Amino acid sequence: MRIGIPAETSAGEKRVATVPDVVEKLIKLGFAVSVQSGAGDVANFSDDTYRAAGATVVEGAAKLWAESDIVFKVSVPTQEEVGLMREGGHLVGFIWPAQNPELMQQLAAKKATVLAIDCLPRILSRAQKMDALSSQAGVAGYRAVIEAANVFGRFFNGQITAAGKVPPAKVFIAGAGVAGLAAIGTAAGLGAIVRANDTRAEVADQVKSLGGEFVKVEYEEEGGGGGGYAKVMSEGFQQAQREMYAKQAKEVDIIITTALIPGKPAPRLITAEMVMSMKPGSVIVDMAAERGGNCELTEPGQAVVKHGVTIVGYTDLNSRLAKQSSALYATNLFRLTEELCKTKDGIINVNMEDDAIRGLTVIKDGVVTWPAPAPKLPAVPAKPAATKAIAAPAHGHGGSAPASAGKTAAIFGVAALLFLLVGAYAPAEFLGHFTVFVLACFVGYMVVWNVTPALHTPLMSVTNAISSIIAIGALVQIAPPMAPGLSRPDEWIRGLAVAGIALTAVNMFGGFAVTRRMLSMFRK
């Protein structure tokens, strides 16, 4: 089968559906690849690089669409492109079926098989390699910070120079999904003080791990909506959230909004009053501008200044990093192609029994199959019911206890007999030492295993606790006797004690040194 890569016709779209490196991999799967002349020019992939990778460069969109069994696209196909598509062909790309019902009917009339990369069930772990939404959102989050830095009038990182002190920029990011986390990491890497909020409480640890501070809304409500997305929150939560956003708007220099819910307009998070309360020279980057925007004053596709605040509403953040976006998107489509062509013979099999492929397939041979049923998740193993040891009912002349209870009783009986023999025949000095030994084992166990691993790994905490007990015991052996009548330890005992202290000191101080080096890796 032949895979065709047309030039994107949407206004401002600079990405291309595959790159030369991926062309070579597609050919190894058994496919022939055709690329429309000039398709990758804007993303810095020339026709010659595609030819060198083994692709055929075709002049004109009509010829490419007519010759291709499968077409890879980035943006939603136009009505003209659907008209060029061959009867019964295959199309892979962004479709957004909920927002484009007329397009769905046109594709169905072509008896096409359409795989919408935006419909991938993201909750499946095996689908991560095909998740183009995540890869593109990561690029957009990075670029949003770069756009903010471009129009912001100061450094992101704080500096102290001979010319004066420069405070670090304060950045607030609304939404900590893939795009938000990419923005957090980028802003923190540039030295800014980063704060973030999300309706999903479970992302707080991810925000902190990237160097940000999670700002919690003082309202208890779970925000997970399933499928890796947030849900629409209650009015009470939204009111508390607006109050928190209003406070942050007065304090921070840059706000980046990323909040989107599939199939719904972008929620309004930043009001005109919040914009007016921001410091002159502040910046808002609205990543949801294409769907109406999270800011009330956003103008999609434009960067405008209102009330002294620059509001960036670009809808082509991915195209502003076209080469990187294209490379990631091409890899996502290649991983999908691997799933469709496991035989590596250049023929795809749209297996509707596969949850990931079923979720992607919105039209199969002209029949609309969207929306897909929820994927079957592996069943969570049931917790074993708590069982109580119940004595078996008596039969005949008597019953017997369970085997485990019998073993335990036998062990305790043997132990008690041994202690009785030791107490009856052992010397008095031995009994004193034996008592101290038993108590030391108990106390040592409680001391070692109750150490909290605050700055160490659990293993290092345990070894340091053991080392501390050894050091205390060795110091007792080295110290002079405090009570009259006690003799000094022999020299060989003193030597062993000194050696024990030396070895434990190496272990403890080495542990602290390793911990310090580990922590320094995360310092700026």
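In what follows, the structure referred to is the one given above.
Basis of the calculations
- Residues numbered from 1 in each chain as written.
- Predicted model: local features only at pLDDT ≥ 70, side-chain atom pairs only at ≥ 80, totals over all residues.
- Heavy atoms only, no water.
- Pairing = 2+ DSSP bridges.
- Helix = DSSP H or I, 4+ residues; strand = E, 2+ residues; numbered from the N terminus.
- Contact = heavy atoms within 4.5 Å.
- Axes fitted to C-alpha atoms, helices over the stretch in contact; angles between N-to-C directions.
- Patch = residues over 30% accessible without salt bridge, like charges linked within 9 Å, V, L, I, M, F, W, Y side chains within 5 Å.
- Areas by Shrake-Rupley, 256 points an atom, 1.4 Å probe, with all protein chains shown as cover.
- Salt bridge = Lys/Arg side-chain N within 4 Å of Asp/Glu carboxyl O.
- Buried < 20%, exposed > 50% of the residue type's maximum accessible area, 1.4 Å probe, protein only.
- Expected span 1.5 Å × (residues − 1).
- Polar contact = N/O pair within 3.5 Å; in protein donor to acceptor, adjacent residues only side chain to side chain.
- 1 Å grid on protein atoms, 1.4 Å probe; cavity = no way out; pocket = protein on both sides within 12 Å on 5 of 7 lines; lining within 4 Å.
- Points joined across faces, edges and corners; volume = space filled by probe spheres on them.
- Nonpolar A, V, L, I, M, F, W, Y, C, P; charged D, E, K, R; others polar.
- Parallel < 35°, antiparallel > 145°, perpendicular 65-115°, else oblique.

**Points about the sheet that holds strand S5 (residues 90-93)**
- Spatially, S3-S2-S1-S4-S5-S6-S16-S17 is the arrangement adopted by the eight strands of the open sheet, whose pairing is mixed. The open sheet is flanked by strand S3 (56-58) and strand S17 (367-368), the only strands paired with a single partner.
- Here S5 pairs with strand S6 (residues 113-116) via four bridges, running parallel. Among the inter-strand pairings, His-90 is bridged to a residue of S6, identified as Thr-113.
- Lying over the sheet, helix H11 (residues 322-340) contacts strand S4 (70-72), S5 and S6, oriented at roughly 135° with respect to S5.

**Observations regarding a nonpolar patch on the surface**
- On the surface, Phe-442, Val-443, Tyr-445, Met-446, Val-447, Trp-449 and Ile-469 cluster together into a nonpolar patch covering about 730 Å² of accessible area.
- Per element, the largest residue contribution to the nonpolar patch is six residues, and it comes from helix H14 (residues 428-449).

**Focus: the environment of Val-76**
- With respect to the helices and strands, the residue Val-76 is situated in the loop between S4 and helix H4 (79-84).
- Of the residues examined, Val-76 reaches a relative accessible area of 24% and is grouped as partly exposed.
- Separated by 66 residues in the primary sequence, Val-76 and Ser-10 have C-alpha atoms spaced 8.2 Å apart.
- In this structure Val-76 touches Ser-10, Glu-81, Phe-94, Ile-95, Trp-96, Asn-100 and Leu-103, once residues within four positions along its chain are discounted.

**A closer look at H11**
- Compared with the 27 Å implied by 1.5 Å per residue over 19 residues, the 26 Å span of H11 between its first and last C-alpha is a close match.
- Listed in full, the buried residues belonging to H11 are Ala-322, Ser-325, Ser-326, Tyr-329, Ala-330, Asn-332, Leu-333, Phe-334, Leu-336, Thr-337, Glu-339 and Leu-340.
- Structurally, H11 contributes buried residues whose contacts are with helix H1 (20-28), S4, S5, S6, helix H6 (132-151) and helix H12 (355-360).

**Focus: the pattern of salt bridges**
- The tally for this structure, following the rule as stated, stands at 21 salt bridges.
- Overlapping salt bridges, with partners in common, bring together Arg-126, Lys-129, Glu-339, Lys-342 and Asp-354 in one network.

**Some details on the side chain of Ser-135**
- Relative to the helices and strands, Ser-135 is located in helix H6.
- Residue classification places Ser-135 among the buried positions, given a relative accessible area of 14%.
- Separated by 3.4 Å, the side chains of Ser-135 and Gln-136 make a polar contact.
- For Ser-135, the residues in contact, after removing those within four places along its chain, are Leu-328 and Asn-332.

**Quick word on the side chain of Thr-361**
- With respect to the element layout, Thr-361 can be found in strand S16 (residues 361-364).
- Assessed through its relative accessible area of 1%, Thr-361 is described here as buried.
- Polar side-chain contacts of Thr-361 include one of 2.7 Å to the backbone oxygen of Ile-357.
- When sequence neighbours within four positions are dropped, the list of residues in contact with Thr-361 reads Val-114, Leu-115, Val-350, Met-352 and Thr-369.

**Quick look at the sheet that holds strand S11 (residues 213-214)**
- The strand order across the open sheet formed by seven strands is S11-S10-S9-S12-S13-S15-S14, and the pairing between neighbours is mixed. Because the sheet does not close on itself, it has two edges, and the strands there are S11 and strand S14 (303-306).
- As paired strands, strand S12 (residues 254-257) and strand S13 (residues 283-286) are joined by four bridges and run parallel to one another. Counterpart to Ile-256 in the pairing with S13 is Val-285.
- In the packing of H6 onto the sheet, contacts are made with S12, S13 and strand S15 (309-312), and the angle to S13 comes to roughly 150°.

**Here we look at the layout of surface pockets**
- What the second largest pocket holds in volume is close to 150 Å³.
- In terms of residue class, the lining of the second largest pocket is made up of five nonpolar, two polar and six charged.

**Some thoughts on helix H7 (residues 178-189)**
- In this model H7 runs 17 Å from its N-terminal to its C-terminal C-alpha over twelve residues, within 8% of the 16 Å that 1.5 Å per residue would give.
- Every buried residue of H7 is listed here: Ala-179, Gly-180, Leu-181, Ala-183, Ile-184, Thr-186, Ala-187 and Ala-188.
- Positive phi appears at Gly-191, one or two residues downstream of H7, with a value of about 100°.

**A word on the packing of H1 against H11**
- Closest axis-to-axis distance for the H1/H11 pair is 10 Å, and the angle between their directions is 5°. Comparing the axis directions of H1 and H11 gives the class roughly parallel. Residue-level inspection shows Val-22, Lys-25 and Leu-26 of H1 in contact with H11, the latter providing Ala-330, Thr-331, Phe-334 and Thr-337.
- Taken together, the residues of the contact of H1 with H11 sort by class into four nonpolar, two polar and one charged.

**Brief notes about empty space enclosed by the protein**
- Under the definition given, this model contains one cavity of 30 Å³ or more.
- Size it by volume and the largest cavity reaches roughly 50 Å³.
- Lining the largest cavity, in full, are Ile-3, Phe-31, Ile-70, Phe-72, Val-92, Leu-333, Leu-336, Thr-337, Leu-340 and Ile-348.
- Listed by contribution, the elements that provide at least two residues to the lining of the largest cavity are S4 and H11.
- Take the lining of the largest cavity: its biggest share by element is four residues, from H11.

**Observations regarding the pairing of strand S2 (residues 32-36)**
- Along S2, four of the five residues are buried, which leaves the element largely enclosed by surrounding structure.
- In the sheet, strand S1 (residues 2-5) pairs with S2 via four bridges, with the strands oriented parallel. In the strand pairing of S2, Ile-5 is matched with Val-35.
- As paired strands, S2 and S3 are joined by three bridges and run parallel to one another. Residue pairing in the sheet places Ser-34 in a bridge with Thr-56 of S3.

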